[in-house]
Amino acid sequence: MPAQSKAQQKAAGAALSAKRGETKVSDLQGASKQMYDSMSESELEELAETDREGLPDRKSD
């Protein structure tokens, strides 16, 4: 499942970094903290590796 916006891709990258122990979990906020708690490392990898080119800044509802 590729990321649907640049914001989602960035949040997934931050959560993935915390899952791997590269950053502190306490530094996470908002969507990245929710992603950290609810997604596996492989799911986060899939979102974080999405090419940002052509993605909107934020997903429109």
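Scroll up for the structure.
All values derive from a computational prediction rather than experimental measurement.

Core analysis: the largest hydrophobic core is formed by ten residues, namely Ala-3, Ala-11, Ala-12, Ala-15, Leu-16, Met-35, Met-39, Leu-44, Leu-47 and Ala-48. If you list the elements that add at least two residues to this core, you get α1 (6-19) and α3 (41-48). Of the residues forming this core, the biggest block, four residues, is contributed by α1.

Let's shift gears to the side chain of Ser-5. Here Ser-5 shows up in the segment before α1. Beyond its immediate sequence surroundings of up to four residues, Ser-5 is in contact with Leu-55, Pro-56, Asp-57, Arg-58 and Lys-59.

What follows is about α1. Taking 1.5 Å as the rise per residue, α1 with 14 residues should run 20 Å; its terminal C-alpha atoms sit 20 Å apart, in good agreement. Taken together, the buried residues of α1 touch α2 (30-38) and α3.

Cut-offs and rules
- Residues numbered from 1 in each chain as written.
- Predicted model: local features only at pLDDT ≥ 70, side-chain atom pairs only at ≥ 80, totals over all residues.
- Heavy atoms only, no water.
- Core = buried A, V, L, I, M, F, W, Y, C linked by side-chain atoms within 4.5 Å.
- Buried < 20%, exposed > 50% of the residue type's maximum accessible area, 1.4 Å probe, protein only.
- Helix = DSSP H or I, 4+ residues; strand = E, 2+ residues; numbered from the N terminus.
- Contact = heavy atoms within 4.5 Å.
- Expected span 1.5 Å × (residues − 1).

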